Every structure is written in structure tokens, then in C-alpha cells.
Amino acid sequence: MGLASAAGGGCLLTLGAGLHAHQARALPGQALRPPGALAEADFLAACVRCGLCVRDCPYDTLKLAALGEPVPTGTPYFTARAIPCEMCEDIPCVKACPTGALDPRLTDIHQARMGLAVLIDHETCLNFLGLRCDVCYRVCPVIDQAITLEKLHNPRSDRHAMLLPTVHSEHCTGCGKCEAACVLPEAAIKVLPRKMAQGKLPEHYRKSWEEKAKHGGSLIGEQIELPVRGLEGQAHGKEHVPAPPPGGNGLDSRWKP
Amino acid sequence: MEAMNTSARPGQAAVRRKGWFAAHQWLILRRCSQFGILALFLTGPMFGIWIVKGNLSSSLTLGTLPLTDPYLLAQSLAAGIVPASTAFIGAAIVTLFYLLVGGRVFCAWVCPINPITDLAAWGRRWLGLKSGRTPDARTRYWLLAGTLVAAASTGTLAWEWLNPVSLAHRGLLFGMGAGLWLLATIFLYDLLVASRGWCGHLCPMGAFYGLLGRTALLRVATPRRAACNDCMDCFSVCPEPQVIRPALKGSASPVILSPNCTTCGRCIDVCGQQVFRLTHRFDQRSSS
């Protein structure tokens, strides 16, 4: 009788904790892990919630989640918009970790992948409106690699360029300086966990133009030339129809910056 | 065992015989230890003087001595992760220490929950509350096993989402958040529902450290048990009252050998007959 209630009580409490753990496992979109953090599932098993990384962060970037916050209790995270990662060369947070939840193999901070910056709102970004804000680009510690400015014709004025901040995932560390520096009341560029920010091509996909370049020519020989629908008699095979004159509606959706 | 005729104001005879200070010396020492350890962690964040960094789960003292809670390491291993060597070294040092001095010394001298449940037990005595529903004391072992099973099946440190021990200490150092609700729940549970309910019956961490201290050298004994006048004050203050009887009333060893004795020394304080003393487990002296 007593044994049964002891076992029952213990199992009930365990089940409660297990259920809670399952439910609270997802990390919210604006919470970023410190540099070198293992993949989230491994991180939650390895991190003992000691806060040594928090203590050794010279910029007070890292916080430990308290009970009731949407981040798993006791684990370290940072919010880019509040205090971004300053990308210390010696990575003190990783060195402080006693368990390897922050992987000690990360020795070059430029290899850190805390998240990925995404210019998430094209409607409010000042550069998309045709202005020269450029702040996210200027503050990027990996300027001209992680963020570049891509020049595009501005269809609204029809005589200016738009310089669009463009993030390149192979260089972005997710430090969050761009999001912290965005001049808007709500940042147009945000750092998201990579899983949330990135799509993924299927493993078997091959890009024809890359394969063609790699092999120095088409792999399937000469193609049959077919007429272009709607342009019969005008376009055929490799012939190009000239683009319509500028000054039209801009984008197909008729949206204008 | 809860129905024993215990005193609401234990220790008055001891205060008369020994004086207030001598009748509270182990209690004072213990509070100094609990708050002193907390202070070692707090001088860094409060005054910039870094003595111990981290928290009870894992810490670094003076930049050299790593300490890791072996119970946390056990959960990590159950979750399928082999942590870095620093965690193993730290856990080995902590394990060795508690193997020697007694696992539940952690509960009485270090754990930040102890002052809360001590306060609840004091309030219970003071209010004369006898009713309630106390769970079986073996529940903690099931819960201990359960936390490891939960770690294995979820692949995360599932218990650490809620573990009030690590949560309280971390909360005091890094921000409590909604943790206060959990601490209040434990206080009210111990005060109104179950006498010594959390620490003595449910806490899996206490169960873990209890198992660790089965062969510990440091023990409380009853060398003057013949002088006992059955005032029951020791039973009244003891967080694990069942551990006293075999040593005090039995004819075998006068040493309290139960691994659930937290070595808090409160029985030594409140005994007017000076029956108890702190000694080693092989001390068989028993004079009258």
C-alpha cells in the first residue's frame, strides 16, 4: 500500500516534469544561443544551467532564463535587439563552459552560427524605400561578406538606385549587431535561429547551370529548339526578345517602394 | 512516526541548562554556512569581487577549482550526452567530499531550500498544526529514478525545468522570475499539507545525496543515551525523526547510521541532557 503510493507519487511527479519538458522544448524566435552552442536537442541535454558563460560574457549579452520565461528554465540565451554578441576574439563564454554544451572546438568566432540575420520587412526597411540608411551593413562585423549592398533600379523614381542590404548565410554569424542597430522603432532586419530562417534544398537537387559549368558543357547534348508561346515568329531558341522599355509598373504586383 | 508526542517549543530545557548560544550553536553555524556559501557566489555580481562563479549546478572557485553537481552530471549522462572533462573532474571532487562527510550534509548545510522548509517546520510547530497528508518517504527514490528516466526519454535535463534546489540558487544569483511561485508552493506545502514534506519525502536530490552518503565517516551519535529523559525535543526538531530511534533507544550502535540523517546537529543543540555529539561512524563510546 505504502510502496504503491510512493511509486505512484514518484511517477506522477516525473510524468509532470516530462510533459513540461516536452511542451517547453521549442525555443522562441528571438532567443539566440551563445556561440558554439550544440544543436538545440544536444544543448538541452548537455547544458547544466550553471551560468558560467553568462558570468564570463564581458558585455552582459547573455542571460539565464528564469522560470516562466519562454526559454527552457536556466539555459543561457541572448536577445539581439537588447544586447547583441560582440564576437570576442577569445570567445570567453565557450571557454567558461564546463560541459561542452558550448563546443570548445569553436576557436574562430567567425565560424560561430548563433542565428541568421534576415531582412524580414521589405516594406519598412529604409534602403528598400530607396533611402541610404545602410546602418545594418555598416555595423556588420563581417561587412561586405555577411551583408552586402545589392544595387537595383528604383522603379518609383525611375532614376535612382536602391541599395538593398543582402545577407549571405555562409558568412553571417548571427551576432545580432544589425538588428540591434536598425534605426526603425521595430527592426526590419532580425536575427532568427537558423532552423527558422533557412530553407533547404533536397539532397538530390542539382542546379543545371552549376553542373554545366563543372563539366564544361551540357551533360545531355543538344536540345530541341521549341518556339516560345505567345511570341511565335518573334522568339525561337536562343533568340532574345528585348525587355519592355523602363517606366512601367515596376514589379509585377504593381507594388512600388 | 508523525504522531509522536512532540513539543511545540523544543529546546527550552537546553537553553536553561546550557544558555541560549550553546543551545543554538549548530543552527547558527548552519545558517552561516548556507548564507556564507551564497555570499561567496554573490560578491562577484554585487561588488565585482569574484570568488565563486556559476551556481550550485556547476561553479569555478578562484578561477581554478571546478565543482559540478554529480546529480546533474547523472542526468546529463542519462540524457545521452557525455560532457567535457571539466564536468567530470568537478563532479568527482564533489562526490568524494560528500562520500566522506555524508551526502545529506548538502541538504542541511548548503541547499538554499533548507531555510524555507526549516521555516515551514518551525511555523508548523508554532501553530501547533498536526493534521495533513504526508507522502511515503520512499517517494523520493521513485522520483529520483523517474528524473533519470525522464532525462533518458526526453533527451533533455527534464527535471531541471523544475528542480527547486538548483532553481532557487540560480534564481538568487541570476534572477528568480516565476521561481518565487515554486518556492512559495513548497513553503505552503510543508507548512499546511505535509510535515517536512519536500525535503524528507519528495526531493530526488536529497534522495541522491542520501544514497551517496551511505558510508560517510561524519555522523551524529548518542554517547550519553542513558541520560535521555524522553523529553522528545530531538524528535520534534529533527527533519528525519525516524533516524534517531535506533541509536537512541536501541541497544546496538549509538551512532546514527541512517544515510537520511542530514547531520544538521539540531538534536545536539536542543538536548538538555547533552546526549548527542558529532563524531565519526566507528565511535562506539556509550557512557551513562
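Reading guide: rules and limits
- Residues numbered from 1 in each chain as written.
- Chains lettered and ligands numbered in written order.
- Predicted model: local features only at pLDDT ≥ 70, side-chain atom pairs only at ≥ 80, totals over all residues.
- Heavy atoms only, no water.
- Helix = DSSP H or I, 4+ residues; strand = E, 2+ residues; numbered from the N terminus.
- Buried < 20%, exposed > 50% of the residue type's maximum accessible area, 1.4 Å probe, protein only.
- Contact = heavy atoms within 4.5 Å.
- Salt bridge = Lys/Arg side-chain N within 4 Å of Asp/Glu carboxyl O.
- Polar contact = N/O pair within 3.5 Å; in protein donor to acceptor, adjacent residues only side chain to side chain.
- 1 Å grid on protein atoms, 1.4 Å probe; cavity = no way out; pocket = protein on both sides within 12 Å on 5 of 7 lines; lining within 4 Å.
- Points joined across faces, edges and corners; volume = space filled by probe spheres on them.
- Nonpolar A, V, L, I, M, F, W, Y, C, P; charged D, E, K, R; others polar.
- Pairing = 2+ DSSP bridges.
- Core = buried A, V, L, I, M, F, W, Y, C linked by side-chain atoms within 4.5 Å.
- pLDDT = per-residue confidence, 0-100.
- Disulfide = S-S within 2.5 Å.
- Phe/Tyr/Trp six-rings, centres within 6.5 Å; stacked < 30°, edge-to-face > 60°.
- Lys NZ or Arg CZ within 6 Å of the ring centre and 35° of its normal.

**Student:** Looking at this structure, I do not really get the overall build of chain A. What am I missing?
**Tutor:** Scanning chain A from N- to C-terminus turns up eight helices and six strands. In sequence order, the secondary structure elements of chain A are arranged as α-α-α-β-β-α-β-α-β-β-α-β-α-α. Buried positions account for 41% of the 257 residues belonging to chain A. A sequence separation of at least 24 residues applies to 61% of the contacts in chain A between residues at least 6 apart.

**Student:** Help me understand the interface of chain A and chain B, please; the structure alone is not making it clear to me.
**Tutor:** It is common to give the size of an interface as the accessible area lost on bringing the parts into contact. With 40 residues of chain A at the contact, the number on the chain B side is 45 residues. There are one salt bridge connecting chain A and chain B. Notably, a salt bridge pairs Asp56 of chain A with Lys53 of chain B, separated by 2.5 Å at the nearest N-O pair. The tally of links between chain A and chain B comes to ten residue pairs in polar contact (both at pLDDT 80 or more).

**Student:** Is there a simple way to explain the layout of surface pockets in this structure?
**Tutor:** Where empty space is left becomes clear once a probe the size of a water molecule has been rolled over the atoms. Residues and elements named next belong to chain B. The computed volume of the largest pocket comes to approximately 640 Å³. Looking at the lining of the largest pocket, the elements that each hand over two or more residues are helix H1 (12-18), helix H2 (25-47), helix H5 (105-109), helix H6 (114-127), helix H10 (197-202), helix H11 (204-212) and helix H14 (266-270). The element that contributes the greatest number of residues to the lining of the largest pocket is H6, accounting for seven residues. Taken together, the residues of the lining of the largest pocket sort by class into 22 nonpolar, eight polar and nine charged.

**Student:** I would appreciate a short explanation of the pairing of strand E2 (residues 58-61) of chain B in the present structure.
**Tutor:** Regular strands have side chains that alternate between both faces of the sheet. All names here are of chain B. Note: strand E1 (residues 52-55) against E2, four bridges, orientation antiparallel. Paired with Val52 across the strands is Thr61, a residue of E2. Note that E2 and strand E3 (residues 65-68) share four bridges and pair antiparallel. Paired with Thr61 across the bridge in E3 is Leu65. Count of turn residues in the E2/E3 antiparallel hairpin: three residues, of which Leu62 carries a positive phi of about 50°.

**Student:** Could you clarify how one ought to interpret the nonpolar core in this entry?
**Tutor:** Across soluble globular proteins, nonpolar side chains have a tendency to be buried as a group. Residues Leu62, Cys93, Leu102, Ile147, Cys178 and Ile189 of chain A are the most contacted members of the largest nonpolar core, which totals 56 residues. Contact partners of Leu102 of chain A, with chain neighbours within four places excluded, come to Pro34, Pro35, Gly36, Ala37, Phe43, Cys53, Cys93, Val94 and Cys97 of chain A.

**Student:** I keep staring at the confidence of the model for chain A and nothing clicks. Help me out?
**Tutor:** Caution applies to low-pLDDT parts of the model: their predicted coordinates are not meant to be read in detail. Confidence in the prediction for chain A averages 86 pLDDT; 88% of positions are at 70 or higher. Per-element confidence in chain A is highest for helix H6 (residues 177-181) of chain A, whose mean pLDDT is 96, and lowest for helix H1 (residues 2-23) of chain A, whose mean pLDDT is 71.

**Student:** I'm lost on the state of the cysteines in this one. Help?
**Tutor:** Simply put, disulfide is the name for a covalent bond between the sulfur atoms of two cysteines. Tallying each qualifying case throughout the model produces zero disulfides over all chains. Unpaired in this structure, Cys133 of chain A has its nearest cysteine sulfur neighbour in Cys136 of chain A, at a distance of 6.4 Å. Among the cysteines around Cys231 of chain B, which has no disulfide bond, Cys271 of chain B carries the closest sulfur, lying 6.3 Å off. On the accessibility criterion, Cys231 of chain B (36% relative accessible area) is partly exposed.

**Student:** Is there a simple way to think about the side chain of Asp283 of chain B in this case?
**Tutor:** Residues and elements named next belong to chain B. Examined against the element boundaries, Asp283 turns out to sit in the segment after strand E5 (277-280). Of the residues examined, Asp283 reaches a relative accessible area of 8% and is grouped as buried. A polar side-chain atom of Asp283 sits 2.6 Å from a polar atom in the side chain of Thr279.

**Student:** So what exactly am I meant to see when it comes to the packing of aromatic side chains here?
**Tutor:** By the definition in use, this model includes eight aromatic pairs over all chains. Aromatic pair Phe208 of chain B and Tyr209 of chain B: ring centres 5.6 Å apart, planes at 80°, arrangement edge-to-face. For Tyr209 of chain B, a relative accessible area of 2% puts it in the buried group. Between Arg55 of chain A and the ring centre of Phe174 of chain B, over which it is positioned, the NZ or CZ distance is 4.0 Å. The residue whose ring lies beneath Lys53 of chain B is Trp50 of chain B, and the NZ or CZ to ring-centre distance is 5.5 Å.

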